Amino acid sequence: MTDTTRDPGGPPGPAVLRFRGELDFAHERELAEAVDAALAGGARALVLDVSAVTFADSSTLRTLVLTQQRTEAAGGGLVLLGPLSLAVRRLLEITATDGYFTVVDSLPQARAAAADLSLRNPHGAGAE
C-alpha cells in the first residue's frame, strides 16, 4: 500500500510516500507510520502521492491534518500529489479542507512546491 522514496544526493529533498487503494480507519496506522518514518529519517517536507487512492475517510483526513502541522513545525511542508480521485477530492471538499493542502498533479510540481514550502518556513513554527 505504501512506497517511500527519497531524492538522492544534494540537499535533502522531500520524502515521497506513495499510497494506493483504500485509506480508511483500518489503514490509518500504516499511513501514520510511513509519515513518522519519513520525518524520523530527516525529511522536513513530504510529498504524499495519493493519485491511486480510491477511498479515504475522516481518519485519513485527521492524519493528513496532523502531518501538515508536523511538517510545518519541522520547517517544511506537505504536498498532496494527484490528480486526486473523486473520493479524495470529495472528502476534502465536504470538509472544507481543500484549500488547506497544497495539491499538484505532477511529481516535478510536487518537489518544487515542497521546496517552496521549506523556503517559506526554514526553521519551523518554533523558530524565532
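Scroll up to find the structure this text is about.
Cut-offs applied
Residue numbering note: each chain is counted from 1, following its sequence as written. This being a predicted model, a pLDDT of at least 70 is required before a residue's local features are given, and a value of 80 or more before pairs of side-chain atoms are given or counted; all residues contribute to the totals for chains, interfaces and linings. Heavy atoms from the whole structure form the basis of all side-chain values; hydrogens and water molecules are not counted. Labels follow the DSSP assignment, with helices taken as runs of H or I lasting at least four residues and strands as runs of E lasting at least two, numbered in each case from the N terminus. Burial classes follow relative accessibility: with a 1.4 Å probe on protein chains only, a residue under 20% of its type's maximum area counts as buried, one over 50% as exposed, and anything between as partly exposed. Here, residues are in contact when the closest pair of their heavy atoms is within 4.5 Å. Only the protein chains shown count as cover for residues, with accessible areas throughout obtained via the Shrake-Rupley method and a probe of 1.4 Å. In the sections that follow, a salt bridge refers to a side-chain nitrogen of Lys or Arg positioned within 4 Å of a carboxyl oxygen of Asp or Glu. Here, a strand pair is defined by DSSP locating no fewer than two bridges between the strands. By convention, orient the strands away from the viewer: a clockwise path from the first strand over the helix to the second makes the crossover right-handed.

(A) Region of interest: the overall build of the protein chain. From N to C terminus, the protein chain includes four helices and five strands. Mapped in sequence order, the helices and strands of the protein chain form the string β-β-α-β-α-β-α-β-α. Burial statistics for the protein chain: of 128 residues in total, 43% are counted as buried. Counted over contacts in the protein chain with a minimum sequence separation of 6, partners at least 24 positions apart contribute 71%. Surface accessibility of the protein chain: about 6600 Å² in total, with carbon and sulfur atoms responsible for 55%.

(B) Looking closely at the pattern of salt bridges. Inspection of the entire model under this criterion finds four salt bridges. Linking Asp49 and Arg18 is a salt bridge whose minimum nitrogen-to-oxygen distance equals 3.8 Å. One end of the pair, Asp49, is in strand S3 (residues 45-56); the other, Arg18, is in strand S2 (residues 15-23), and 31 residues separate them in sequence. The partly exposed category is assigned to Arg18, whose relative accessible area is 26%. With its nearest N and O atoms 2.5 Å apart, the salt bridge here joins Asp36 to Arg70. Remark: Arg70 occurs in helix H2 (residues 58-73) and Asp36 occurs in helix H1 (residues 28-40); sequence separation between them is 34 residues. A relative accessible area of 36% means that Asp36 is categorised as partly exposed.

(C) Summary view of the pairing of strand S4 (residues 77-81). Burial analysis of S4 places five of its five residues in the buried class, which makes it a mostly covered element. In this sheet, S4 lies alongside S3 in parallel orientation, the contact comprising five bridges. Its bridge partner being in S4, Asp49 is matched across the sheet by Leu81. Since S3 and S4 lie parallel, the crossover through H2 that links them has a hand, and here it is right-handed. The sheet contact formed by S4 and strand S5 (residues 102-104) spans three bridges and is parallel. Across the sheet, Leu80 pairs through a bridge with Val103, a residue of S5. For the handedness criterion, the β-α-β arrangement of S4, helix H3 (residues 86-94) and S5 is classed as right-handed.

Remember that the coordinates give geometry; whether it matters functionally is a separate question.
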